[in-house]
Amino acid sequence: MKINLKYLLFIFPAIYLLLGFYLRQIFGDLSLRSTDPDYLHFLSGICISAGQFSEANIDHPGSALQVLLAGVFRVVYLFRERTYPFFEDAMLNSDLYLAVGNLVISILLAGTILWAGFAVWKTTKNYVYALLIQTGPFLIDIWYEIYGRIYPELLILIPVLIIQVQILKALYDENHGKLNDVLILSFAVALGMSLKMTFIPFIIIPFSLIPTLKKILQYLLFTVIFFFVISLPVTFQLERFWNWMKGIFLHSGMYQSGEKNIIDPAIFMSNLQKLWQSQKTFFIALSVLLTITVVIIFLKNKHTDKKRRLILIVAGLYIMFTASVFIVAKQFAVRYFIPALLFYPLLLIMINETVKLISSNKFILTVTHLIIAVIILINLKNQLPYVRITSEGVGSFMEARIHSRSFISTLENDSYKIIVSQDYGSPYKEYAIMYSFCVAGGGWPGYMEKLDKIYPNTYQYFTWDNTIKYWGEEFNPLIIAESGKPVYLYLEKNNEELYNKTIDRLFENNPGFNVERKLLFENPKTGEGVLQLFFTMK
């Protein structure tokens, strides 16, 4: 009985989908530990869904993700009971909306992985290549930390796979480079840049794939058009976006910090070392590919045209990765290197292609295939601990924080709430909402009045800039005391230093009060505390 090998191409998409659903359950309600960047994009999606493009955050810029979320949120609301208008329902049920958003992302990515496998098989008629191209996200340990969340880097997989398919088409098809190919490459690069501007080095690779100057100019033009169409929030805030990008480029530190010297040599070299230490496998594969390519440059063989195309592609990849390394070494974060890391399977494919140009000996080719297969299997096996660590670590933390939220749910709704935290989440959903409005939606007409009705009597002390945020009336201890309503203080860490700092800030303009406290709850795992405060005139 003959087995149809095409069925093998469903394995990795199915695993991706299953793992996505699993980690979605592990990460749970994102307001508890994942406000940044998840809630930033949540609020930006809400802004876009209401046509408030100029209120969306554009720092990443993350625009394609936000546009996707905007559509998902509107569809979700179609199935809601309509007890509240869209904005209010989304603010009350933000974790639900984000959970559906993440599930849609997982389904979309699984579908893209499936498409890429079949597209590569159609181009190369090689099932090994088709399976290899599908393994990209499974080989990156940091991927498992963002799998169940709302991260622009997740959607980066789509343009990366499109570009990789186009690279193999250019290698195998002498007629590659038609207008359709130009449009596809333009869309992929624009989509990538609309998600993260660290994708900008990938604008280089199509220069190795497009055969004529005219089509290269078309590619650049279409890329610009696609970018501004996909990135509508950027289009509506172009001056702000330009100033933000310019500031990041000119300053040597993260997020426009540091001196205006582009790079700090000491930090740059330190970051280079960190990148090498954390991604040795990638750089070894790239070095092997470059070495073999240099060898074939000096070899005379019959594969002249394919050899030329392969050398151009490898040169383009090398320049592209060099630019990516510069960006990451300038402002280090491993997640900035995710687009490059997703090319690891393609590097192995290209190594095999260069070996084929050197020798057509079946034994050598078979050994090469086996080595590549073993490398991939070892890498996949090495990722299992990361999945387990993520599951255990996040699951344990979520369980502890859910315990805090369960206690808070027993407190009176009609009370005053003071939230003190600079963590990436809180048992109070209000914290995530208020946090996100600091970076997006600040100019949305009437949002404060709406949120004050949804989450009344809520105050948040931002320790990092010593400000008190609120949606309704300014903090006034006299009015609060006269109301007779209980006052509850949530501390991220229940210690004297944070408590005293909070009280000093709350009452710095109202010194005529004595404050007493009663500890109601303390979480032994997270150190969170909930206290009841009592105000009396001196």
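Quick caveat, the model's predicted, so the values are computed rather than measured. (Residues numbered from 1 in each chain as written. Predicted model: local features only at pLDDT ≥ 70, side-chain atom pairs only at ≥ 80, totals over all residues. Heavy atoms only, no water.)

1. A few points about the overall build of the protein chain
Line of reasoning, step 1. On a plain count of helices and strands, the protein chain comes out with 23 helices and 6 strands.
Line of reasoning, step 2. Seen through its C-alpha atoms, the protein chain measures out along the principal axes to roughly 95 × 50 × 50 Å.
Line of reasoning, step 3. Classification of the 538 residues of the protein chain by burial places 52% in the buried group.
Line of reasoning, step 4. Looking at the protein chain alone, contacts between residues at least 24 apart form 75% of all its contacts between residues at least 6 apart.
Line of reasoning, step 5. In the form shown here, the protein chain has an accessible surface area of approximately 24400 Å², with 63% of it arising from carbon and sulfur atoms.
Line of reasoning, step 6. Of the charged side chains in the protein chain, 47 are positive and 40 negative, and the gap between their average positions amounts to 16 Å. (Helix = DSSP H or I, 4+ residues; strand = E, 2+ residues; numbered from the N terminus. Buried < 20%, exposed > 50% of the residue type's maximum accessible area, 1.4 Å probe, protein only. Contact = heavy atoms within 4.5 Å. Areas by Shrake-Rupley, 256 points an atom, 1.4 Å probe, with all protein chains shown as cover. Lys, Arg positive; Asp, Glu negative; His and termini not counted. Charge placed at Lys NZ, Arg CZ, Asp CG, Glu CD.)

2. Quick word on the packing of aromatic side chains
Line of reasoning, step 1. With the rule as written, the count across this model stands at 39 aromatic pairs.
Line of reasoning, step 2. Relative to Phe-283, the ring of Phe-282 lies with its centre 5.4 Å away and its plane at 85 degrees, an arrangement referred to as edge-to-face. Exposure class is identical for Phe-282 and Phe-283. Each is buried.
Line of reasoning, step 3. Taken together, a centroid distance of 5.2 Å and an interplanar angle of 85 degrees make the contact between Phe-282 and Phe-321 edge-to-face. Taken together, the residues span a long stretch of sequence, with Phe-282 in helix α15 (residues 280-297) and Phe-321 in helix α16 (residues 304-330) at a distance of 39 residues.
Line of reasoning, step 4. Among the aromatic residues, those joined into a cluster by ring pairs are Phe-199, Phe-202, Trp-276, Phe-282, Phe-283, Phe-321, Phe-337 and Phe-343.
Line of reasoning, step 5. The ring of Phe-86 has Arg-74 lying over it, and the distance from NZ or CZ to the ring centre is 3.9 Å. (Phe/Tyr/Trp six-rings, centres within 6.5 Å; stacked < 30°, edge-to-face > 60°. Lys NZ or Arg CZ within 6 Å of the ring centre and 35° of its normal.)

3. A look at unusual backbone geometry
Line of reasoning, step 1. Along the chain, Asp-36 connects to Pro-37 via a cis peptide bond; the corresponding omega equals 5 degrees.
Line of reasoning, step 2. For Pro-37, the location among the structural elements is in the loop between α1 (11-27) and α2 (38-49).
Line of reasoning, step 3. Following His-60, the chain continues into Pro-61 via a peptide bond in cis, with omega recorded as 10 degrees.
Line of reasoning, step 4. Counting through the fold element by element, Pro-61 comes out in the loop between α2 and α3 (63-78).

4. Remarks on the confidence of the model for the protein chain
Line of reasoning, step 1. A residue-level look at the protein chain finds 99% of positions with pLDDT of 70 or above and a mean pLDDT of 92.
Line of reasoning, step 2. Considering each helix and strand of the protein chain separately, the mean pLDDT is smallest for helix α13 (residues 238-250), with a value of 87, and largest for helix α5 (residues 94-124), with 97. (pLDDT = per-residue confidence, 0-100.)

5. A look at the pairing of strand β2 (residues 458-462)
Line of reasoning, step 1. Most of β2 sits inside the fold, with 5 of its 5 residues counted as buried.
Line of reasoning, step 2. Alternating positions in β2 separate into two faces, Thr-458, Gln-460 and Phe-462 on one and Tyr-459 and Tyr-461 on the other, with burial throughout.
Line of reasoning, step 3. Here β2 pairs with strand β3 (residues 467-470) via 4 bridges, running antiparallel. What sits directly across from Gln-460, in β3, is Lys-469.
Line of reasoning, step 4. Remark: 4 residues form the turn of the hairpin made by β2 and β3, two consecutive strands paired antiparallel; Asn-466 in that turn has positive phi of roughly 60 degrees. (Pairing = 2+ DSSP bridges.)

6. A look at the sheet that holds β3
Line of reasoning, step 1. Reading across the sheet, the 6 strands line up as β3-β2-β1-β4-β6-β5 and stay open at both edges, with mixed pairing between neighbours. Two strands bound the open sheet, and with one partner strand each, they are β3 and β5 (513-522). Pairs of neighbouring strands in the sheet enclose a mean axial angle of 25 degrees, with direction left out of account.
Line of reasoning, step 2. In the sheet, strand β4 (residues 487-491) pairs with strand β6 (residues 529-537) via 5 bridges, with the strands oriented antiparallel. Directly across from Val-487, in β6, lies its bridge partner Leu-533.
Line of reasoning, step 3. Sitting on the sheet, helix α23 (residues 496-506) is in contact with β1 (416-420), β2, β3, β4, β5 and β6, with an inclination near 130 degrees to β4. (Axes fitted to C-alpha atoms, helices over the stretch in contact; angles between N-to-C directions.)

7. Observations concerning the pairing of β6
Line of reasoning, step 1. Looking at chain direction, β5 and β6 are connected through 9 bridges and run antiparallel. Among the inter-strand pairings, Lys-518 is bridged to a residue of β6, identified as Gln-532.
Line of reasoning, step 2. Hairpin geometry of β5 and β6 is characterised by an intervening segment of 6 residues between the two adjacent antiparallel strands and by a positive phi of about 80 degrees at Gly-527.

8. Digging into α23
Line of reasoning, step 1. Within the sequence span of α23, burial applies to Leu-498, Tyr-499, Thr-502, Ile-503, Arg-505 and Leu-506. Viewed end-on, α23 has its buried residues packed into an arc of 165 degrees, placing them on one side of the element. Turned more than 90 degrees off the buried face of α23, the exposed positions are Glu-497 and Asp-504.
Line of reasoning, step 2. Elements in contact with the buried residues of α23: β1, β2, β3, β4, β5 and β6. (Arc of directions from axis to C-beta.)

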